[in-house]
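Results of the structural survey
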Amino acid sequence: MNARQADLLAQLAEVPVLIWGARMTGLGLVRLCRTHGIAVLGFIDSDPAFAGQRIAGLPCHPPAELPALRARHPGLKIVVAASTKEAEINRQLLGYGFPADSFINYSGYCDLFYTVDVMGTCNLKCLSCAHGAGGEKYARGQMSFETYRQVIDKIVAENDLVTHISLYSWGEPFLNPALPEMVDYLHRHGIAAALSSNLSIKNEALLHKVMQHNPEYLKVSLSGYYPEAYNDTHGGGNIHLVRSNLLRLRYYIDKYRLDTVVDVNYHLYNNNNGRNLQKMRELCAELGFFLSTTFALVMPLERVIDKLEGRPSPSTLALEPKLLVSVEEGIAAARPADRDSPQMSPADCPFLANQTIINWDLSVPICCTTFNRGPNIVAANFLTASKAQIGQGKAQAGVCQTCVKLGLPAYNLGLNRSRWEAVAASKPSFDLAPDA
């Protein structure tokens, strides 16, 4: 055990511990704590889908319950494990009256969070995603297990603490036949595995094998319950196949007594937030899965910049009428209330500061919001690039100045959710559904 890890564990020993962030990073931290005999009281998470639920066997509380929890547990220590929203959470904790020494930012001990995009393509062409937007063409492929093993070994060797790794970015990981072994390899290193899928996957055998390895987190992205809505924005997918795979997930979880958190990430458009949303809520409740809603965005970063600079692509023009919150409205909503300008320093950007993405071909992009190659690649080969070289490449990336000037980090994070909801509530909505 290195000094940094020992220091973190020493601060959490023999005190009541809550983890803020019940998704990937938080689940990895729970794994670390349990490995070293540290009891965790539960999670804090602002997502209403998690409130009052149990995740990895632990209760999840909304932030409003923090004062009562502190009163019941003197000496309470909170670990902030939601790295991309760390600054916002710190402000909330101070607002609740927590002194600065009563909470720890996990990024201070685990300073880099890794994403390995094990599949360089997707089976769908969703309108809001880079794969469905057209744009830059480049070779598609998949990461071999041997290459993956080298990537994970290098990550472990270069970092004092690694508790979770995400095995997805722009690609669909369930297209990679080595995915079960990839999840198992993380677990053999004591690392939690996070997956994301459109779940419009016909390979039931692969899904079965992956679930037998008990991945900690599986996000399922969709945008409707009925084909009329789903097909409009998840191009090439089949919602009936998705729903059948959700049933399979429940079966596997029960059969093997798995701890996998299944988080259904429902993309909100103006044509799917009535009956479609309600029916999907009912299905998730029946299956014991979480349903989290997110306002559909224009992605990737290059596409948003082109739109804001007067060069909207045909796919962006086709997408915009379906959005509940436009790009401009989202930027305004996400802007801090005490700030007239969206500008910030690139050093303050959570995507840049503590995220390292490794593409299937080993190239390293600036951050998870970019898609195109060329100048947005800061290292051609992760295996031959040092952490310092990757960091230097990020610091010299010209697109970052444009991104922060336009207010896009906060937009991509969806900060100030209540303002987004107010904008959406002012818009006309309808539902694409049978007999709608």
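For the structure itself, look to the data block above.
Structural notes, computed from the coordinates. The structure presented is a predicted model; accordingly, all values stated were derived computationally and were not measured. (Residues numbered from 1 in each chain as written. Predicted model: local features only at pLDDT ≥ 70, side-chain atom pairs only at ≥ 80, totals over all residues. Heavy atoms only, no water.)

1. So, the pattern of salt bridges
Applying the stated criterion across every chain yields a total of 19 salt bridges. Residues Arg149 and Asp153 are paired through a salt bridge, measuring 2.9 Å at the closest nitrogen-oxygen approach. Residue Arg149 and its partner Asp153 are located together in helix 5 (residues 145-158), separated by 4 residues, close to a single helical turn. Of the residues examined, Arg149 reaches a relative accessible area of 26% and is grouped as partly exposed. In this structure, Glu204 engages Arg248 in a salt bridge whose closest nitrogen and oxygen atoms are separated by 3.2 Å. With Glu204 in helix 7 (residues 204-212) and Arg248 in helix 9 (residues 239-256), this pair connects stretches of sequence that are 44 residues apart. Using a relative accessible area of 25% as the deciding quantity, one classes Arg248 as partly exposed. What you see here is one network of salt bridges that share partners, running through Arg4, Asp111 and Asp160. (Salt bridge = Lys/Arg side-chain N within 4 Å of Asp/Glu carboxyl O. Helix = DSSP H or I, 4+ residues; strand = E, 2+ residues; numbered from the N terminus. Buried < 20%, exposed > 50% of the residue type's maximum accessible area, 1.4 Å probe, protein only.)

2. Brief notes about the pairing of strand 11 (residues 261-268)
In terms of burial, strand 11 is largely enclosed, as 8 of its 8 residues are buried. Residue alternation in strand 11 divides its side chains into two sets, Val261, Asp263, Asn265 and His267 and Val262, Val264, Tyr266 and Leu268, and both sets are buried. Looking at chain direction, strand 10 (residues 217-222) and strand 11 are connected through 6 bridges and run parallel. Following the sheet pairing, Leu222 is matched in strand 11 by Tyr266. As defined by bridge partners, strand 11 adjoins strand 12 (residues 290-295) across 6 bridges and the pair is classed as parallel. The partner of Val264 across the bridge, within strand 12, is Leu291. Handedness of the strand 11-helix 10 (residues 275-287)-strand 12 crossover: right-handed. (Pairing = 2+ DSSP bridges. Right-handed = clockwise from strand over helix to strand, strands pointing away.)

3. As for helix 7
Side chains that are three or four residues apart share a direction in an α-helix, a result of its 3.6 residues per turn. Of the positions making up helix 7, those classed as buried are Leu206, Leu207, Val210 and Met211. Looking straight down helix 7, one finds its buried side chains confined to an arc of 130 degrees; they lie on one side. Taken together, the buried residues of helix 7 touch helix 6 (179-188), strand 9 (192-197), strand 10 and helix 9. Just beyond helix 7, the residue with positive phi is Asn214, at close to 55 degrees. (Arc of directions from axis to C-beta. Contact = heavy atoms within 4.5 Å.)

4. Topic: the pairing of strand 4 (residues 58-61)
Relative to strand 4, strand 2 (residues 42-44) runs parallel, the two sharing 2 bridges. Bridge pairing in strand 4 places Phe43 opposite Cys60. With 2 bridges connecting them, strand 3 (residues 54-55) and strand 4 associate as antiparallel partners. When the bridges of strand 4 are listed, Arg54 appears paired with Pro59. Hairpin geometry of strand 3 and strand 4 is characterised by an intervening segment of 2 residues between the two adjacent antiparallel strands and by a positive phi of about 55 degrees at Ala56.

5. A few points about helix 10
Between its first and last C-alpha atoms helix 10 spans 18 Å; for 13 residues at 1.5 Å apiece the expected length is 18 Å, and the two agree. Regarding helix 10, the residues found buried are Asn276, Leu277, Met280, Leu283, Cys284 and Leu287. Mapping the buried residues of helix 10 onto a view down its axis gives an arc of 125 degrees, with all of them on the same face. Away from its buried face, by an angle of more than 90 degrees, helix 10 presents the exposed residues Ala285 and Glu286. (Expected span 1.5 Å × (residues − 1).)

6. Details of empty space enclosed by the protein
The probe, sized like a water molecule, is rolled over the atoms to show the empty space still left. Applying the stated criterion across every chain, the model contains 3 cavities of 30 Å³ or more. In this model, the largest cavity occupies a volume close to 100 Å³. Taken together, 15 residues make up the lining of the largest cavity; nearest its centre are Cys349, Ile366, Cys367, Cys400 and Cys403. Counting residues per element, the ones that place at least two in the lining of the largest cavity are helix 14 (350-353), helix 16 (398-405) and helix 17 (408-413). If one sorts the elements of the lining of the largest cavity by residue count, helix 16 sits on top with 4 residues. A per-class count over the lining of the largest cavity returns 12 nonpolar, 3 polar and no charged. Taken as a whole, the second largest cavity spans an internal volume of roughly 60 Å³. Lining the second largest cavity are Ser169, Trp170, Ile357, Asn359, Pro365, Cys367, Cys368, Thr370, Phe371, Asn372, Arg373 and Ile377. Broken down by class, the residue content of the lining of the second largest cavity amounts to 7 nonpolar, 4 polar and 1 charged. (1 Å grid on protein atoms, 1.4 Å probe; cavity = no way out; pocket = protein on both sides within 12 Å on 5 of 7 lines; lining within 4 Å. Points joined across faces, edges and corners; volume = space filled by probe spheres on them. Nonpolar A, V, L, I, M, F, W, Y, C, P; charged D, E, K, R; others polar.)

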